[in-house]
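# An overview of the molecular structure
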Amino acid sequence: MDNITKVEHFMEKGFNCAQSVFMSFSEEMGISQETAAKITSGLGGGMGRMGEACGAFNGGAMALGMIYGSAESQDEEEKTRIYSIIGEFALEFERKNGGLRCNDIIGYNMRVPEQRSEAKEKGIFQAKCSECMKSAVSIVTEIIRRSE
């Protein structure tokens, strides 16, 4: 199953945007889907429904960190490398989705329950968030492919 199919599967199962993206790369990261789901469980809705950094973006950035990051705190070369990779991911994600913040992408304030409800009723999450998750997975997959 490719990663786009995986992210669609996780979306259908009701996982949040960060979980769906991050879980799609659990095999490449060498962690279980359960662990991936727990790590990103609070990041949906722009970090705990605050409308801040998009969960799909966060899930993708975290996957790239798991795959290409370093556990060495003093390794400046590795820091520079992962920051460059995340920067590339961010630019492409923003170009495709119109922003990096959940509120900016969906056009509603996630902190306001009435606005969140209105967005849900209008199918905004299904449409916009689905596209963000798919684009995050697509971009991360392309970065991995080019790095092989």
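For clarity, every value in this text was computed on a predicted model and none was experimentally measured.

This brings us to the overall build of the protein chain. What the protein chain contains, in helices and strands, is 10 helices and zero strands. Taken from N to C terminus, the helices and strands of the protein chain fall in the order α-α-α-α-α-α-α-α-α-α. A compact globule built from 148 residues would reach a C-alpha radius of gyration of about 15 Å, and the protein chain, at 15 Å, matches this within 12%. When the 148 residues of the protein chain are sorted by exposure, 42% land in the buried category. Carbon and sulfur atoms make up 49% of the accessible area of the protein chain, which totals about 8,100 Å².

Let us now look at the nonpolar core. Proteins that are soluble and globular tend to have nonpolar side chains buried together. Residues Val21, Phe25, Ala56, Phe89, Phe93 and Met133 are the most contacted members of the largest nonpolar core, which totals 39 residues. Breaking this core down by element, the ones donating at least two residues are α1 (3–12), α2 (17–24), α4 (33–39), α6 (55–68), α7 (76–97), α8 (102–106) and α10 (124–147). Residue contributions to this core peak at 10 residues, all from α10. In this structure, Ala56 is in contact with Cys17, Ala18, Val21, Phe93, Cys132, Met133 and Ala136, ignoring residues within four places of it in sequence.

Moving on to the side chain of Ser20. Its place among the elements puts Ser20 in helix α2. In terms of polar contacts, Ser20 uses its side chain to reach the backbone carbonyl oxygen of Phe15, at 3.4 Å. Excluding its chain neighbours within four sequence positions, the residues that come into contact with Ser20 are Val7, Phe10, Met11, Phe15 and Met133.

Moving on to unusual backbone geometry. Trans is the prevailing form of peptide bonds, just as negative phi is the prevailing case for residues other than glycine. A positive phi is found at Met47, a non-glycine position, where the angle reads about 75 degrees. Mapped onto the secondary structure, Met47 falls in helix α5 (residues 44–47). Although it is not a glycine, Arg49 sits at a positive phi angle of roughly 60 degrees. Assignment of secondary structure puts Arg49 in the loop between α5 and α6.

On to the packing of α2 against α10, then. Interaxial distance between α2 and α10 falls to 10 Å at its minimum, and their mutual angle equals 25 degrees. On the basis of the axis angle, α2 is roughly parallel to α10. α2 and α10 meet at a crossing whose hand is right-handed. Together, Cys17, Ser20, Val21 and Ser24 of α2 and Met133, Ala136 and Val137 of α10 make up the contact between the two elements. Split into classes, the residues belonging to the contact of α2 with α10 amount to five nonpolar, two polar and no charged.

Conventions and cut-offs
- Residues numbered from 1 in each chain as written.
- Predicted model: local features only at pLDDT ≥ 70, side-chain atom pairs only at ≥ 80, totals over all residues.
- Heavy atoms only, no water.
- Helix = DSSP H or I, 4+ residues; strand = E, 2+ residues; numbered from the N terminus.
- Rg over C-alpha atoms; globule rule 2.2 N^0.38 Å.
- Buried < 20%, exposed > 50% of the residue type's maximum accessible area, 1.4 Å probe, protein only.
- Areas by Shrake-Rupley, 256 points an atom, 1.4 Å probe, with all protein chains shown as cover.
- Core = buried A, V, L, I, M, F, W, Y, C linked by side-chain atoms within 4.5 Å.
- Contact = heavy atoms within 4.5 Å.
- Polar contact = N/O pair within 3.5 Å; in protein donor to acceptor, adjacent residues only side chain to side chain.
- Axes fitted to C-alpha atoms, helices over the stretch in contact; angles between N-to-C directions.
- Parallel < 35°, antiparallel > 145°, perpendicular 65-115°, else oblique.
- Left-handed = near helix turned anticlockwise from the far one by under 90°.
- Nonpolar A, V, L, I, M, F, W, Y, C, P; charged D, E, K, R; others polar.

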